[in-house]
Amino acid sequence: MHIVNRKTFGIFQEVKSSDIAKTFRKAINRKEGICALGGTSELSSEGTQHSYSEEEKYAFVNWINKALENDPDCRHVIPMNPNTDDLFKAVGDGIVALLLFSVKAEVNWVWKKDPEVYNLAVLQENLNLALNSASAIGCHVVNIGAEDLRAGKPHLVLGLLWQIIKIGLFADIELSRNEALAALLRDGETLEELMKLSPEELLLRWANFHLENSGWQKINNFSADIKDSKAYFHLLNQIAPKGQKEGEARIDINMSGFNETDDLKRAESMLQQADKLGCRQFVTPADVVSGNPKLNLAFVANLFNKYPALTKPENQDIDWTLLEGETREERTFRNWMNSLGVNPHVNHLYADLQDALVILQLYERIKVPVDWSKVNKPPYPKLGANMKKLENCNYAVELGKHPAKFSLVGIGGQDLNDGNPTLTLAVVWQLMRRYTLNVLEDLGEGQKANDDIIVNWVNQTLSGAGKSTSIQSFKDKTISSSLAVVDLIDAIQPGCINYDLVKSGNLTEDDKHNNAK
């Protein structure tokens with residue numbers, strides 16, 4: 001199903017010369033901001049030397065070949081040869097970029113892939129859509145443009161691809177999606193404390209949970225501590241299905257390779273056992289022996305996703321109501337922060353904002369100056385750590401009141417430090433709103449933007465194009481039909497909507513959902 005009429009696009013097609021078209025063209029050529037569209041990164045300009053990991057390219061190509069081997073839209077490029085530059089050429093194809101850099105289920109209703117009209121304009125659209133989709137799921141795509149992907153710039157392609165792979169691998173490594181992770185609770189530890197751990201920290205604890213049960217020593221990392229493959233042997237042996245569940249086939253791990261004296265041969269023997277589990281991905285024996293942290297992290301995450309081998313504890317003292325899961329609003333805010341490249345990466349919206357470092361970085365993104373000499377930075381002292389974080393939170397609220405001029409009545413630094421959901425969201429919402437308005441002001445060459453101005457622009461644009469739809473405000477319930485949005489798109493670029501596929505009249509929820517897609 002394709003609402004966009006693909007046959008209207010030509011290589012040199014121009015949008016009508018009007019203020020709307022001027023703004024639209026400027027928007028799709030931005031290098032930064034929410035859209036992250038168009039242009040080539042200044043950081044990747046010609047003449048600058050960039051290196052990339054052949055090991056990562058090899059691992060990513062093999063993963064992609066496996067992930068997309070049955071996808072009919074990729075038959076023209078899959079399988080790729082990991083020993084060549086097939087990957088970089090495939091990403092520049094546009095269609096493959098969509099599949100690699102986006103959640104396909106979210107965007108495949110509107111992408112364009114008809115061979116007879118697959119020209120430069122359509123390719124550019126697909127690449128832009130891929131980058132926007134990547135940004136929407138939390139990838140940092142600022143200073144990466146469609147031209148970078150079309151040119152197949154290795155360091156940018158691999159960097160973005162790693163973000164996509166990591167997001168996919170880590171998606172279920174959180175308590176709200178896998179309650180069995182509560183089995184990793186230590187004595188005296190609360191569920192709330194466990195929830196604050198990052199996916200990397202949970203993976204390490206998961207591995208050590210199984211290593212401890214096997215009688216092997218714990219590891220501190222997925223680099224130096226796994227180089228001899230011995231911890232991996234024990235981990236595989238612990239998580240391999242024992243055939244005890246109904247319909248479950250038993251898989252026996254052959255431990256004979258454990259005693260191999262050569263590290264490379266031992267690693268190869270270990271990976272042969274991982275292959276029995278369908279988990280020989282991301283690492284080669286050389287990657288294990290060299291302790292490649294990125295690829296070994298991916299290898300372990302893949303093991304967890306396929307064979308967690310955990311049982312949800314039947315502990316009546318655990319407050320399971322804490323695991324209500326992330327709301328769509330919370331996920332949107334978290335992904336927005338991560339797409340701006342905040343450090344540290346935000347895994348848990350409230351816990352990861354409790355020292356206000358991310359909030360202070362967001363202030364800078366909305367052009368509110370931050371005096372970093374007043375900010376306490378990690379590592380925090382063991383004694384008084386929370387006081388240092390609270391000072392940051394107080395400063396964040398102070399900046400919000402002035403000079404940001406946010407509405408923060410009844411909100412104090414303690415609320416951020418406590419991770420109060422309602423009050424933290426109140427601050428984050430105003431940050432995101434200000435950021436969006438700043439982007440619009442930049443596009444409008446400094447003209448002030450607010451809700452009324454945007455709504456008026458929408459209605460004037462619709463009326464000027466002869467459309468019957470309009471909106472009263474952003475709370476207008478008629479927006480749920482997407483009809484005004486579809487008409488607005490057609491007003492900006494006339495003829496790009498296939499109205500035969502747009503549902504109107506008395507709409508069901510499915511009709512509205514399809515229009516929105």
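Residues numbered from 1 in each chain as written. Predicted model: local features only at pLDDT ≥ 70, side-chain atom pairs only at ≥ 80, totals over all residues. Heavy atoms only, no water.

Caption draft 1: Up close: the overall build of the protein chain. For the protein chain, the count of helices and strands is 22 helices and zero strands. Counting all 517 residues of the protein chain, 47% fall into the buried class. For the protein chain, the share of sequence-separated contacts (at least 6 apart) that also reach a separation of at least 24 residues comes to 60%. (Helix = DSSP H or I, 4+ residues; strand = E, 2+ residues; numbered from the N terminus. Buried < 20%, exposed > 50% of the residue type's maximum accessible area, 1.4 Å probe, protein only. Contact = heavy atoms within 4.5 Å.)

Caption draft 2: Representation of the packing of aromatic side chains. As enumerated under the stated definition, the model contains nine aromatic pairs in all. Taking the centre distance of 6.2 Å and the plane angle of 5 degrees together, the rings of Phe-60 and Trp-162 count as stacked. Here Phe-60, found in helix α2 (residues 54-67), pairs with Trp-162, found in helix α8 (residues 154-170); they are 102 residues apart in sequence, far enough to count as distant. The pair Phe-60 / Trp-162 is uniform in exposure class, with both members buried. Through a chain of ring-to-ring contacts, three or more aromatic side chains come together here, namely Trp-216, Phe-233 and Phe-258. Seen from the ring of Phe-258, Lys-230 lies directly overhead, with NZ or CZ sitting 5.4 Å from the centre. The ring centre of Trp-320 lies 4.4 Å from the NZ or CZ of Lys-312, which sits over that ring. (Phe/Tyr/Trp six-rings, centres within 6.5 Å; stacked < 30°, edge-to-face > 60°. Lys NZ or Arg CZ within 6 Å of the ring centre and 35° of its normal.)

Caption draft 3: Here's a closer look at the packing of α2 against α8. One way to put it is that α2 packs onto α8 with a least axis distance of 11 Å and a crossing angle of 50 degrees. One way to sum up the angle between α2 and α8 is to call them oblique. When the axes of α2 and α8 are compared, the crossing they make is left-handed. The segment α2 lies against α8, with Lys-57, Phe-60, Trp-63 and Ile-64 engaging Leu-158, Leu-161, Trp-162 and Ile-165. Per-class residue counts for the contact of α2 with α8 are seven nonpolar, no polar and one charged. (Axes fitted to C-alpha atoms, helices over the stretch in contact; angles between N-to-C directions. Parallel < 35°, antiparallel > 145°, perpendicular 65-115°, else oblique. Left-handed = near helix turned anticlockwise from the far one by under 90°. Nonpolar A, V, L, I, M, F, W, Y, C, P; charged D, E, K, R; others polar.)

Caption draft 4: Expanded view of the confidence of the model for the protein chain. Overall, the prediction assigns the protein chain a mean pLDDT of 86, with 87% of residues at 70 or greater. Note on residues 103-110: pLDDT is under 50 here. Beyond four places in sequence and across chains, it has 21 contacts. (pLDDT = per-residue confidence, 0-100.)

Caption draft 5: The arrangement of the side chain of Asn-292 in detail. Assignment of secondary structure puts Asn-292 in the loop between α13 (285-290) and α14 (293-306). Judged by relative accessible area, which is 14%, Asn-292 ranks as buried. Within the structure, the side chain of Asn-292 is placed 3.2 Å from the backbone nitrogen of Lys-294, a separation counted as a polar contact. Looking at Asn-292, its side chain comes within polar contact range of the main-chain nitrogen of Leu-295, at 3.0 Å. (Polar contact = N/O pair within 3.5 Å; in protein donor to acceptor, adjacent residues only side chain to side chain.)

Caption draft 6: Main features of unusual backbone geometry. In this structure, the amide linkage connecting Asn-343 to the following residue, Pro-344, adopts the cis form with an omega of 10 degrees. Tracing the backbone through its elements, the reader meets Pro-344 in the loop between α15 (328-339) and α16 (357-365). In this structure, Ala-356 is a non-glycine residue whose phi angle is positive, near 65 degrees. Position of Ala-356 among the secondary structure elements: in the loop between α15 and α16.

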